[in-house]
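The lines below spell out each chain.
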Amino acid sequence: MLSEEYLYAIALRECSQIGDIHFHKLVRTFGSAKEAWKRAKKEYKKLEGIGQKTVSDIGNETHLKFAEEELNFCEKNNIQIRLRHLNETPSLLHECNDAPAILYQKGQINDSLAKVSMVGTRNMTSYGQQFIEEFFEASQSSNYISVSGLALGVDKEVHEQSIRTRKPTVGVLAHGFQFLYPAKNRRLSEKILQEGGALITEFSSTRKPDRENFIQRNRIVAGISPATIVVETGFGGGSISTAAFANDYNREVFALPGKITETSSQGCNQLIFHHKATAISTIKDLIGMLGFNDSKEKIEELFPSSEKSIQLSDIQNLIYQSIKDQPQISLDDLSQKIEVSTYKILPIILELELLGKVKSFSGRQFIAI
């Protein structure tokens, strides 16, 4: 039996002027959703940036009745209720300032596993499909959870390939659990749960899949993972908003480049052009940048190190060894360490990247491979 805190949290979040950010401010100020429900209307002056109008709907008995019905629905349908202020939501998502106050969840999420979000157009091409299939094949020996939006096209392929390669996968819904959109994915949603994955949503059970919900849903897809991969998307596609959220949350964003004449690649190309995403050059490189490096052994078995050794110049070797000794070293620290100007180091870093010896990350940080 869930405590009263869940009842008051649902009721509080139903109030007309209370969004996630105001909800967090209320529970921080009063200590709990229950206390906020009882005291906020009278003591609103304690709340910075919140006026009388914002708290006017708090205490409305209609919302408490709704919350009771919601708790009953969740109990009957094996839906878990996760409250952010009780530290019950996924840890990375919890860090986002506008993270959902409440998550409704079916299935399980192992928060200790790495996560990667993968999104894209509903009008996926064979190019995008092949990339997804090869990515999951190449990363099969790595332990991680995939996250997507359970839509048609790229999302569907991500969930299906996850299941095929025995990876748990999380579908983020843009509606409540009374509905499933699109209906074509009902079998897939059942399979996700059967194979140890999860379905999550911030929307209460009665919320329909309205258009504006999808953008709101995308911030969860972006916030729950340290990295988001945009497979294919056109100009203004929903995946662009996911990438924007990921950038805002200081997450890594990767995009699969494509032909400039291909509508489904134009959004990815724009993200790369405007430095909002790192271009994916090879799947091997992507797996390395995601930290899924356990596929390296297979590569070395096929190509023994003696056959692929590269003779580095003295300056290349100095920079390479310095990066190897101090992983994720910044350009400025590297320059100070080896007493070489940054403008001289950058071209050599590029040479080492092309030789497959070094990888660069945002913030001009580097690791040796």
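Description of the structure in this document.

**Here's the deal with the packing of helix H7 (residues 126-138) against helix H8 (residues 154-164)**
Think of two packed helices as two axes; the pair is described by the angle between the axes and how far apart they sit. Close contact between H7 and H8 brings their axes to 10 Å; oriented N to C, the two are set at 25°. On the basis of the axis angle, H7 is roughly parallel to H8. Note on packing geometry: the crossing formed by H7 with H8 is right-handed. Along the contact surface, H7 presents Gln129, Ile132, Glu133, Phe136 and Glu137, while H8 presents Val154, Glu157, Val158, Gln161, Ser162 and Arg164.

**As for the state of the cysteines**
Chemically, a disulfide is nothing more than a covalent bond linking the sulfur atoms of two cysteines. According to the stated counting rule, one finds zero disulfides in the structure shown. Free cysteine: cysteine 74, not disulfide-bonded; nearest cysteine sulfur from cysteine 15 at 18 Å. The class for cysteine 74 is buried, based on a relative accessible area of 2%.

**A word on the packing of aromatic side chains**
Under the defined criterion, the tally for this structure stands at eight aromatic pairs. Among the aromatic residues, ring-to-ring pairing joins Phe131, Phe135, Phe136, Tyr144 and Phe292 into one connected group. The ring of phenylalanine 214 has arginine 122 lying over it, and the distance from NZ or CZ to the ring centre is 5.9 Å. Of note, lysine 357 hangs over the ring of tyrosine 320, and the distance from its end group to the ring centre comes to 4.7 Å.

**Let's talk about unusual backbone geometry**
Here tyrosine 181 and proline 182 are connected by a cis peptide whose omega angle stands at -5°. Looking at the secondary structure, you find proline 182 in the loop between strand E5 (169-172) and helix H9 (186-194). Phi at arginine 166 takes a positive value of approximately 60°, unusual for a residue other than glycine. Inspection of the secondary structure puts arginine 166 in the loop between H8 and E5. Although it is not a glycine, glutamate 339 sits at a positive phi angle of roughly 60°. As for its position among the elements, glutamate 339 is in the loop between helix H16 (331-338) and helix H17 (342-354).

**Regarding the pattern of salt bridges**
A full pass over the atoms with the stated rule returns 15 salt bridges. Arginine 219 is the salt-bridge partner of aspartate 98, the closest N and O atoms lying 3.8 Å from each other. With aspartate 98 in the loop between helix H6 (91-94) and strand E2 (102-107) and arginine 219 in helix H10 (residues 211-223), this residue pair connects regions lying 121 residues apart in the sequence. Side by side, aspartate 98 and arginine 219 carry an identical accessibility label, which is buried. With its nearest N and O atoms 3.6 Å apart, the salt bridge here joins lysine 191 to glutamate 195. Residue classification places lysine 191 among the partly exposed residues on the basis of a relative accessible area of 36%. Given a relative accessible area of 34%, glutamate 195 falls into the partly exposed group. Ionic contacts of the salt-bridge type, sharing partners, join the residues Arg13, Asp20, Asp98, Glu202 and Arg219 into one network.

**Some remarks on the pairing of strand E4 (residues 144-148)**
Most of E4 is tucked away, with five of its five residues classed as buried. Residues Tyr144, Ser146 and Ser148 point to one face of E4 and Ile145 and Val147 to the other, with burial holding for every one of them. Alignment of strand E3 (residues 114-119) against E4, held across four bridges, turns out to be parallel. Note on E4: the bridge partner recorded for valine 116 is serine 146. In the sheet, E4 pairs with E5 via three bridges, with the strands oriented parallel.

**Examining the nonpolar core**
Leu26, Ile58 and Ile81 are the most contacted members of the largest nonpolar core, which has 42 residues in total. Elements represented by at least two residues in this core include exactly helix H1 (4-14), helix H2 (20-30), helix H3 (33-39), helix H5 (61-76), strand E1 (80-83), E2 and H9. In terms of residues, this core owes the most to one element, H1, which gives seven residues. Those residues within four positions of isoleucine 81 in sequence are excluded, and the remaining contacts are Leu2, Tyr6, Ile10, Leu71, Cys74, Glu88, Ile102, Leu103 and Tyr104. If you look at the next biggest cluster of nonpolar residues, it comprises 25 residues, including Leu93, Ile145, Ile220 and Val253.

**Notes on the sheet that holds strand E11 (residues 358-361)**
With antiparallel pairing, three strands are arranged side by side in an open sheet as E10-E12-E11. Two strands in the sheet have a free side with no partner beyond their single neighbour: strand E10 (329-330) and E11.

**Observations regarding the environment of phenylalanine 73**
Position of phenylalanine 73 among the secondary structure elements: in helix H5. Those residues in contact with phenylalanine 73 that lie beyond four places of it in its chain are Ile79, Phe177, Gln178 and Ser205.

**A few points about the pairing of E1**
The alternating pattern of E1 places Ile81 and Leu83 on a buried face and Gln80 and Arg82 on a face that is not buried. As paired elements, E1 and E2 share four bridges and run antiparallel to each other. Within E2, the residue paired with isoleucine 81 across the bridge is tyrosine 104.

**What to know about H1**
Counting buried residues in H1 gives eight out of 11 residues, a clear majority hidden from the surface. Of all the residues in H1, the buried ones are Glu5, Tyr6, Leu7, Tyr8, Ala9, Ile10, Ala11 and Leu12. On its buried face, H1 is in contact with H2, H3, H5, E1 and E2.

Calculation notes
Residues numbered from 1 in each chain as written. Predicted model: local features only at pLDDT ≥ 70, side-chain atom pairs only at ≥ 80, totals over all residues. Heavy atoms only, no water. Axes fitted to C-alpha atoms, helices over the stretch in contact; angles between N-to-C directions. Helix = DSSP H or I, 4+ residues; strand = E, 2+ residues; numbered from the N terminus. Parallel < 35°, antiparallel > 145°, perpendicular 65-115°, else oblique. Left-handed = near helix turned anticlockwise from the far one by under 90°. Contact = heavy atoms within 4.5 Å. Disulfide = S-S within 2.5 Å. Buried < 20%, exposed > 50% of the residue type's maximum accessible area, 1.4 Å probe, protein only. Phe/Tyr/Trp six-rings, centres within 6.5 Å; stacked < 30°, edge-to-face > 60°. Lys NZ or Arg CZ within 6 Å of the ring centre and 35° of its normal. Salt bridge = Lys/Arg side-chain N within 4 Å of Asp/Glu carboxyl O. Pairing = 2+ DSSP bridges. Core = buried A, V, L, I, M, F, W, Y, C linked by side-chain atoms within 4.5 Å.

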